[in-house]
Amino acid sequence: MSIIQSYPKISPEEAVSHIFHGATVAFSGFTNAGAAKVTPRAIAARAKMLHDRKEPFKIRVLTGASSGASIDEPLALENAMSYRAPYQSGPKLRAQINSQEVEYVDMHLSHLPQTVLEGFQGKIDFAVIEATEVKRDGRVYLTTSIGASPAYLKYADRVIIEVNHYHSSRLREMTDILIMPPPPHRFPIPLHDPLTKLGCPYAVVDPNKVITVIENDEPDRVPKFDAGDERSEKIADHVVRFLLDEMLAGRIPHDFLPLQAGVGNVANGVMAAIARNPYIPPFQMFTEVFQDSLVDLMETGRLTGASTTSLTVTPEMLKRIYDNMDFFTSRIVLRPQEFSNHPGVIRRLGVISMNTALEFDIYGNVNSSHVYGTDIMNGIGGSGEFTRNAFISIFMCPSTAKGGKISAVVPMCPHIDNNEHSVQIVVTEQGLADLRGLGPMQRAEKIIEHCAHPLYRDYLWNYVKNSRVGHIRHNLDKAFELHENLMETGSMLPGLDLSQI
């Protein structure tokens, strides 16, 4: 008898019939990497059937991070969610959150397992976890992300395992799984190198909790990011020049420090520029997502090792990894997000963090998550954990958006995810502002002159000059004037000549 046959084997439709209205369901997946695939579709179909019969059916959804195409969108399309945490993506779910149809809790990703342990997410009624294999004794070998799956397997009342034969069984050679005990019994985390392993290659589940094992053969639905444009290249050039200056000043050692990079084309472009520069030595990463651009860097020897919680790579890049596992398994470590994003480890290793912003204000406060301060885009993700504890924290974004109608540098951010006390460097294609050791007015001067687009500089300087004098100068009548203009007219400065953008 095979291992899978030793567990109950029922159809996905029968399995999800156990899931009741109001249940809390925790899914594997950190981005679309390692996300459950068959069960979310079956839950969405069940929701449609019950809604057609005028019966209520909505569930509370947890994952490791975003999982748009695999989980968020199928469930959102059938109005099957009442609650979502800790991070999300997908246009349909975003609209439901912003119209208050779905309650959304945006939170630091390393905090999630502890909130589950403490009961702040409620009782975990069901966990749906993707694996390459599950053993009779309850050992579960996860796929392309670890995320919060070990905690969900431990604390859920009932469990559905999706065994995905698409993924390489050798992923376990990368995996390092620990579950942190509750305080005051927590142990020091002896991670002194990104590639150090401390735990086991598998998660654990009580076999008696397993409802069924569902088999499939589907790739992760990880989209390809757009290629970087000219502005992204200029941002990358500014960051590389800054890092080289830091090395020359002796603040970055000549064997370099581990890097962390957020998700997206700007971050990918910066990583590629760092790798191209011959004066930056081969480096390691301590990060939360391993993206397409890093595959090339690792194969060429520029990236020598990476600690992460997910392989967020397109199917084409994942195949390259699977075809060369002898090379990659010794160079990548997959950890639970409680460890990949752990503040103490980030600080000990001296990580240089590089994340993207929607906007930042003239004093260095950063908004990564909300438009107008009200409408969620995606969430804070891991940027707060890395920014607050990094040796050097960098935020990047183009100086304008929507053809110049939006300035990324504003007088005051209407929502702040990372504040001036943690943000050290801000960069746009216009230039870079090093805010370390500067007072508020010095920060404002640096940001306006180096990062704001020239067409918005006069406005920003006039705002400062006409603000109430204090430790930080603000005009509360005008602080959000740009955002109000944008909502009313579609442009932050109506009538501005945008031909120079």
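The present account deals with the structure reproduced in this document.

What counts, and at which threshold
- Residues numbered from 1 in each chain as written.
- Predicted model: local features only at pLDDT ≥ 70, side-chain atom pairs only at ≥ 80, totals over all residues.
- Heavy atoms only, no water.
- Helix = DSSP H or I, 4+ residues; strand = E, 2+ residues; numbered from the N terminus.
- Buried < 20%, exposed > 50% of the residue type's maximum accessible area, 1.4 Å probe, protein only.
- Lys, Arg positive; Asp, Glu negative; His and termini not counted.
- Salt bridge = Lys/Arg side-chain N within 4 Å of Asp/Glu carboxyl O.
- Polar contact = N/O pair within 3.5 Å; in protein donor to acceptor, adjacent residues only side chain to side chain.
- Contact = heavy atoms within 4.5 Å.
- Phe/Tyr/Trp six-rings, centres within 6.5 Å; stacked < 30°, edge-to-face > 60°.
- Lys NZ or Arg CZ within 6 Å of the ring centre and 35° of its normal.
- Pairing = 2+ DSSP bridges.
- Core = buried A, V, L, I, M, F, W, Y, C linked by side-chain atoms within 4.5 Å.
- Disulfide = S-S within 2.5 Å.

Inspection of the secondary structure assignment puts Glu 162 in strand 7 (residues 158-164). Salt bridges are absent for the buried Glu 162, whose nearest opposite-charge side chain, Lys 37, sits at 6.2 Å. Among the polar contacts listed, one links the side chain of Glu 162 to the backbone nitrogen of Thr 39, at a separation of 2.6 Å. When neighbours within four sequence positions are excluded, Glu 162 is seen to be in contact with Ala 36, Lys 37, Val 38, Thr 39, Pro 40, Val 128, Ile 129, Glu 130, Ala 131, Ile 214 and Asn 216.

Looking now at the packing of aromatic side chains. Centre-to-centre distance and the angle between the planes together describe a pair of aromatic rings. The tally for this structure, following the rule as stated, stands at 4 aromatic pairs. Judged by centre distance (5.8 Å) and plane angle (70°), the ring pair of Tyr 141 and Tyr 202 falls under edge-to-face. Note that Tyr 141 is positioned in strand 6 (residues 139-142) and Tyr 202 in the loop between strand 7 and strand 8 (203-204), a separation of 61 residues in sequence. Ring geometry for Phe 256 against Phe 283: centres 6.4 Å apart, planes inclined by 55°, an arrangement best described as tilted. You can see Phe 256 sitting in the loop between helix 7 (230-248) and strand 10 (259-261) and its partner Phe 283 sitting in strand 11 (residues 283-286), a full 27 residues away along the chain. Under the relative-accessibility criterion, Phe 256 is labelled buried at 5%. Its relative accessible area of 1% is what places Phe 283 among the buried residues. The residue whose ring lies beneath Arg 60 is Tyr 83, and the NZ or CZ to ring-centre distance is 3.9 Å. Positioned over the ring face of Tyr 202 is Arg 139, at 5.8 Å from the centre of the ring.

Strand order across the open sheet formed by 3 strands is 16-15-22, with mixed pairing between neighbours. At either end of the open sheet lies a strand with only one pairing partner, and these are strand 16 (366-367) and strand 22 (409-410). Looking at chain direction, strand 15 (residues 359-361) and strand 16 are connected through 2 bridges and run antiparallel. Within strand 16, the residue paired with Phe 360 across the bridge is Val 366.

Ile 161, Met 271, Ile 274, Phe 290, Met 354 and Ile 394 are the most contacted members of the largest nonpolar core, which has 79 residues in total. The element best represented in this core is helix 7, accounting for 8 residues. Those residues within four positions of Phe 290 in sequence are excluded, and the remaining contacts are Val 295, Met 298, Leu 303, Ala 306, Thr 308, Ser 310, Leu 311, Thr 312, Val 313, Ile 321 and Ile 332. Formed by 37 residues, the second largest nonpolar core is a distinct cluster that contains Ile 19, Val 25, Ile 43 and Phe 57.

Attention shifts here to the pattern of salt bridges. Overall, the coordinates contain 24 salt bridges when judged by the stated rule. For the salt bridge of Glu 133 with Arg 172, the shortest nitrogen-to-oxygen distance reads 2.7 Å. Of this pair, Glu 133 sits in strand 5 (residues 126-134) while Arg 172 sits in the loop between strand 7 and strand 8; the two residues are 39 residues apart in sequence, bridging distant segments of the chain. You can call Arg 172 partly exposed: its relative accessible area is 23%. As a salt-bridge pair, Arg 320 and Glu 299 come within 2.3 Å of each other at their nearest N and O atoms. Of this pair, Arg 320 sits in helix 10 (residues 315-323) while Glu 299 sits in helix 9 (residues 292-299), and the two are 21 residues apart along the sequence. Under the relative-accessibility criterion, Arg 320 is labelled partly exposed at 30%.

Okay, the state of the cysteines next. The full count for this structure, using the stated rule, is 0 disulfides. Looking at the unpaired Cys 397, the closest cysteine sulfur is the one in Cys 451, lying at 8.3 Å. A relative accessible area of 3% means that Cys 397 is categorised as buried.

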